[in-house]
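Each chain is listed here by its residues.
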Amino acid sequence: MVNQGMYLTAKPYIYFGSYRNSCLTNLTVCGFRGVTFSFFWKMQDQPLPELPLQPQSRYSLASGEKLVSSSFQIYSDKQKGYVEMYTSENARSWKASISPPGADWTHVLFTWTLEKGLKIYVNGTLNTSDARGRESQSYGNPKSSLVVATSEDQAGTYVNGAFDEFVIWERALTPAEIQLYFTAATGGANVASTPPPLASVAGTSGSPTVPTNAYHHIIMNLTEEKGAFLHPGYLEKMSLNLPKRPMSEEIASNLTRVFLETVGEVLELTEWADLSQTQPMVGGMIETVDKVMTHMVNNVKDTATSIVKIEGTSSVADFSMMKFPMSANLTNYRFPSRGRSYISVPGEAFRKSRTTIVGLLYHKMHAYYRDIRPSDTRIEGALKYKNDMILATSHLISLKVDPQPTLSQNLSGSPVVTIHLAHVLTQRLLRNEGNESTTIFLYCAFLDFSSTPPVWSSEGCNRTEGNLNYSICRCNHLTNFAILMQVVPLQVSEEHQVALSSITYVGCSLSIVCLAVTLVTFAILSSVSTMRNQRYHIHANLSFAILVAQILLLISFRFDSGTLPCKVLAVLLHFFFLSAFAWMLVEGLHLYSMVIKVFGSEASKHLYYYGIGWGSPLVICVVSVTSALDSYGEGGNCWLSLEKGQIWAFVAPALFVIVVNIGILIAVTRIISRISTDNYKVHGDANAFKLTAKAVAVLLPILGSSWIFGVLAVNDRAIVFQYMFAIFNSLQGFFIFLFHCLLNSEVRAAFKHKTKVWSLTSSSIRNINVKPFNSDVMNGNKPGVTNTRMNTWDKSTNSAHRIDLSAV
């Protein structure tokens, strides 16, 4: 009931009265029960005398442009009509657009519930919906009154529009009730029994079309009961069972919108296990969309002379369906007619026959095509870099013409299809633009549905122009197109690759042998008292970690990325390389405690060292594997993923160890240099200066300093650093054996002692007193010669803090 209606010269309006604590002004009052609002709407396309009509201006403002309350509003803007709902309690809104009416009365009805959101029905058929809504700021009149009124904004150009027969229910009507009401309001028969005839709305000459039963139940299933059908298999089955019945343009438009919205919800709600499952399923859905669109354009009603044109947009894609009679003279055709991404077909390519055209510009479909393996494509250029993944970097665009246009097979000839696609670049790709260490390749490609599953191919297409922001392609066929991007790190020449690989294999093999000999030597000499100190325990653990890591590294070269053995090897490599770095840190900390500052007892340090050496890598690996197992063994090698950033689970700890050990090395070197200088001043021994260089050479392998060259070897311009890194890092085990086993005086003396013990044992001689052995690495003593010089670190100046350099 309308309580009061008034018309003022400046602002006509209808006042419905106060509806405090009603769902008309507060939707949450009956959120689950919902609300329904129904009205007829038309625009007369007659310019107002004082406001002359401009081309393509369609504002409905004469007899009632907006229905405004604190809950909802209805309005027309340019070429679209809108319905918007709002809940003030949680600041959330639902909004959907419809095509504005023409001069004939059009019935518009919308329902809203908290569970299903907003649904808009045009002439009794579901047209569009917004099920989820979005966060929004408050709008409209905060009062509890319900008002229909014109806008006070007179800045634009308007046409004369009108609303009539407002009906409001404080509950959401069912689709069957909506169809019954529309039939009754237009004077038609009951649609439950027979398809209603076309009926004229009272007072107008318009004839809104009632949907036939053949397609009505499909639209209802997709909208009202789609919760049970939200999976790709249902949509594919539906596409194969569409009735071959003629349909009106309105039914074709409504079914297209509802179907595409359902496709969007399937894509959003389906839980994809991994990309290997996602891409074939998405390709299948694209093929299903093509089938449905082709069916509709073939079955839409037309005449021998009329041109059928159905265009629109949805959350999934912009679409266009056109049907041309044989008499039509087709000139250059472009889809879509506006925008930076489009397909253009020259007029001479069309055949002189009845022609149908279906165009689709997908908004988000390209996002599902990332990390494409080059081996899974038929793109010749991409196959050269089989370890570098591909991703779609433009919107996916599709154009189907039946009969197929006559195109030149020679891409340099004419006519051919021209495809202009703007790139959709992520921040990571934009950073790669100025990265001198990578090269970006762009390919014009299409989804080839002749393969199962569909694969990307570049056959019959050529990228002729463009930059990082757009691409222009020429193709001799029509289908679904997109621009694919492949980011390739700059590669060194094949000669350098062979040389570096050879160095790595030879160096790692030599290191493995040397580390095995080192571990066996430490095990044999473990009974000698001088070999029981903590330093050799640390050396042994470091040698074991590097030994296992390098063995696993050589084995990993034999496996393909993406396989289960490769993933297992990647996890093990991560752990043992982290352990190697952790024991390098322990080496540095132990050296610091022996030479610079003593901390903790031997027992406490023992547990502390083992916790760092094996415990911390285990924690990092468990966290990394738990959070991103799919980042292991991908990207062309059995290692951590560079693309997904998981490599930082190794790089960050390694950089930390390198920085700490460099600091310790500098501090220790300064002390050794000072002692050497003092020794030269007291005794005049020039060889004392060689002590510093020798000590640094001994310390470098166990502190991991060779990894600095890996940081410097960032691209092909730093080839020298790549060679230095390959040499020094692969030979790390050899240098440990050389300096801390073969040339170490304590190890040599212990070995002599052990040999003498074995000799005496074989001669049944017991209880031999063996003098303790002191390292002569740092003091330069020769066997059999007594050094009478006073050690500099034993002078009174250092007596308070005796410095032990035997750790070096």
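Refer to the structure above for everything that follows.
Because the structure is a prediction, the values reported are computed rather than measured. Along each chain, numbering runs from 1 in the same order as the chain's sequence is written. Given that this is a predicted model, residues contribute local features only at a pLDDT of at least 70 and side-chain atom pairs are listed and counted only at 80 or more, while totals for whole chains, interfaces and linings are drawn from all residues. Computation of side-chain values: all heavy atoms of the structure, hydrogens and water removed.

**A closer look at helix α10 (residues 564–595)**
Residues that lie three or four places apart on an α-helix share one face, since the helix turns once every 3.6 residues.
Phase 1: Helix numbers and strand numbers start at the N terminus; a helix is a DSSP run of H or I with at least 4 residues, a strand a run of E with at least 2. Residue count minus one, scaled by 1.5 Å, sets the expected span of a helix. Here α10 is 32 residues long and its end C-alpha atoms lie 47 Å apart, about the 46 Å a rise of 1.5 Å per residue gives.
Phase 2: Burial status follows relative accessibility: with a 1.4 Å probe on protein chains alone, a residue under 20% of its type maximum counts as buried, one over 50% as exposed, and anything between as partly exposed. A large share of α10 lies buried, amounting to 26 of its 32 residues.

**Describing the pairing of strand β20 (residues 397–402)**
Phase 1: Pairing between strand β18 (residues 355–362) and β20: six bridges, direction antiparallel. By the bridge assignment, L361 is partnered in β20 with I397.
Phase 2: Two strands qualify as a pair provided that DSSP identifies no fewer than 2 bridges between them. In this sheet, strand β26 (residues 480–489) lies alongside β20 in antiparallel orientation, the contact comprising two bridges. In the strand pairing of β26, I397 is matched with F481.

**Let's talk about a nonpolar patch on the surface**
Phase 1: For patches, a residue must show more than 30% relative accessible area and have no salt bridge; joins then use 9 Å for like charges and 5 Å for nonpolar side chains, namely Val, Leu, Ile, Met, Phe, Trp and Tyr. Shrake-Rupley sampling with a 1.4 Å probe provides the accessible areas, and residues are treated as covered by the protein chains on show and by no other component. The rule for a salt bridge is simple: a side-chain nitrogen of Lys or Arg has to be within 4 Å of a carboxyl oxygen of Asp or Glu. On the surface, V520, I524, F751, V757 and W758 cluster together into a nonpolar patch covering about 440 Å² of accessible area.
Phase 2: Secondary structure elements with two or more residues in the nonpolar patch: α8 (494–524) and α17 (745–762).
Phase 3: Considering each element in turn, the nonpolar patch owes the most residues, three residues, to α17.
Phase 4: Mapped onto the fold, V520 is located in helix α8.

**A short note on the nonpolar core**
Phase 1: As used in this record, nonpolar core signifies buried Ala, Val, Leu, Ile, Met, Phe, Trp, Tyr and Cys residues forming a set joined through side-chain atoms within 4.5 Å. Formed by 57 residues in total, the largest nonpolar core has its most connected members in L222, F259, Y362, M365 and W456.
Phase 2: With nine residues, the single largest contributor to this core is helix α4 (residues 249–269).
Phase 3: I512, A549, W639 and A654 belong to the second-largest nonpolar core, a separate cluster that totals 53 residues.

**Concerning the packing of helix α9 (residues 534–556) against helix α16 (residues 732–742)**
Phase 1: Every axis corresponds to a line fitted to the C-alpha atoms, with the helix fit spanning only the stretch in contact, and the corresponding angles, defined between N-to-C directions, vary from 0 to 180 degrees. Packing of α9 against α16 brings their axes to within 10 Å, and their N-to-C directions diverge by 155 degrees. Classified by the angle their axes make, α9 and α16 are roughly antiparallel. For the pair α9 and α16, the crossing hand works out as left-handed. Contacts from Y536, H539, L542, S543 and I546 in α9 reach Q732, I736 and H740 in α16.
Phase 2: All amino acids are sorted into three groups, where Ala, Val, Leu, Ile, Met, Phe, Trp, Tyr, Cys and Pro are nonpolar, Asp, Glu, Lys and Arg are charged, and the leftover types, Gly among them, are polar. Of the residues belonging to the contact of α9 with α16, the class tally is four nonpolar, four polar and no charged. With respect to orientation, any angle under 35 degrees is reported as roughly parallel, any angle over 145 as roughly antiparallel, any angle of 65 to 115 as roughly perpendicular, and every other angle as oblique. The crossing is said to be left-handed when, going from far helix to near helix, the turn is anticlockwise and less than a right angle, and right-handed when the turn is clockwise. The contact criterion used is simple: two residues touch if any of their non-hydrogen atoms lie within 4.5 Å.

**Things to note about the side chain of N127**
Phase 1: Locating N127 in the fold gives a position in strand β10 (residues 125–130).
Phase 2: By relative accessible area, N127 is classed as buried at 7%.
Phase 3: The contacts of N127, once residues within four sequence positions are left out, are S97, I98, I120, Y121, V122, N254, R257 and V258.

**Regarding the sheet that holds strand β21 (residues 417–422)**
Pairing between sheet strands relies on hydrogen bonds along the backbone, with the strands arranged either parallel or antiparallel.
Phase 1: With antiparallel pairing, the five strands of this open sheet are ordered in space as β16-β17-β21-β25-β24. With partners counted over all chains shown, the strands left at the sheet margins are β16 (333–335) and β24 (461–466), one partner each. Pairs of neighbouring strands in the sheet enclose a mean axial angle of 20 degrees, with direction left out of account.
Phase 2: Here β21 runs beside strand β25 (residues 470–475); their pairing, made up of six bridges, is antiparallel. Across the sheet, residue L421 finds its bridge partner in β25, namely S471.

**What about the pattern of salt bridges?**
Phase 1: This model, assessed by the stated rule, comprises eight salt bridges.
Phase 2: We note a salt bridge from D130 to R134, for which the minimum N-O separation is 3.0 Å.
Phase 3: Accessibility expressed as a relative area gives 10% for D130, which makes it buried.
Phase 4: Relative accessible area serves as the criterion here: at 37%, R134 is assigned to the partly exposed category.
Phase 5: For E459, the salt bridge goes to R378, with nearest N and O atoms at 3.8 Å. You can see E459 sitting in the loop between β23 (455–457) and β24 and its partner R378 sitting in the loop between β18 and α6 (380–383), a full 81 residues away along the chain.
Phase 6: We classify E459 as partly exposed; its relative accessible area is 47%.

**Quick word on the packing of aromatic side chains**
Phase 1: Within 6.5 Å between ring centres, the rings of Phe, Tyr and Trp (the latter by its six-membered ring) count as paired, and their orientation is classed by plane angle as stacked under 30 degrees, edge-to-face over 60, tilted in between. Per the counting criterion, the structure on display carries 24 aromatic pairs.
Phase 2: Relative to F650, the ring of F581 has its centre 5.7 Å away and its plane inclined at 75 degrees; by these criteria the two rings are edge-to-face. Here F650 lies in helix α12 (residues 648–683) and F581 lies in helix α10, a separation of 69 residues in the sequence.
Phase 3: Take F581: its relative accessible area is 2%, and that puts it in the buried class.
Phase 4: One aromatic cluster in this structure is built from F544, F575, F576, W583, Y610 and W614.

**A word on the state of the cysteines**
Phase 1: A pair of sulfur atoms, both from cysteines and within 2.5 Å, is called a disulfide here. Here the structure, examined in full by the defined rule, presents three disulfides.
Phase 2: Each sulfur of the disulfide joining C444 and C473 lies 1.7 Å from the other. Torsion about the S-S bond of the C444 and C473 cystine: about -70 degrees, corresponding to left-handed handedness. Here the residue C444 occupies a position in strand β22 (residues 438–448), and C473 occupies one in strand β25, the gap between them amounting to 29 residues.
Phase 3: Note on C444: relative accessible area 6%, which makes it buried.
Phase 4: Look at C473 and you get buried, because its relative accessible area is 1%.
Phase 5: The residue that forms a disulfide with C461 is C475, at a sulfur-sulfur distance of 2.1 Å. As the torsion about the S-S bond is roughly 120 degrees, the C461-C475 disulfide counts as right-handed.

**Concerning the environment of A649**
Phase 1: Mapped onto the elements, A649 comes out in helix α12.
Phase 2: Along the sequence, A649 and S624 sit 25 residues apart, while their C-alpha atoms lie 6.8 Å from each other.

**So, empty space enclosed by the protein**
Phase 1: Here a cavity denotes grid points, spaced 1 Å and computed from the protein atoms alone, that fit a 1.4 Å probe unable to get out, and a pocket denotes an open set having protein on both sides within 12 Å along at least 5 of 7 lines; residues with an atom within 4 Å of a point are the lining. Grid points are joined across faces, edges and corners, and a volume is the space filled by probe spheres set on the points. Inspection of the entire model under this criterion finds five cavities of 30 Å³ or more.
Phase 2: Considered as a void within the structure, the largest cavity measures approximately 60 Å³ in volume.
Phase 3: In this structure, the largest cavity is lined by I546, Q550, F577, A580, F581, M584, W707, N729 and Q732.
Phase 4: The set of elements that each furnish at least two residues to the lining of the largest cavity consists of α9 and α10.

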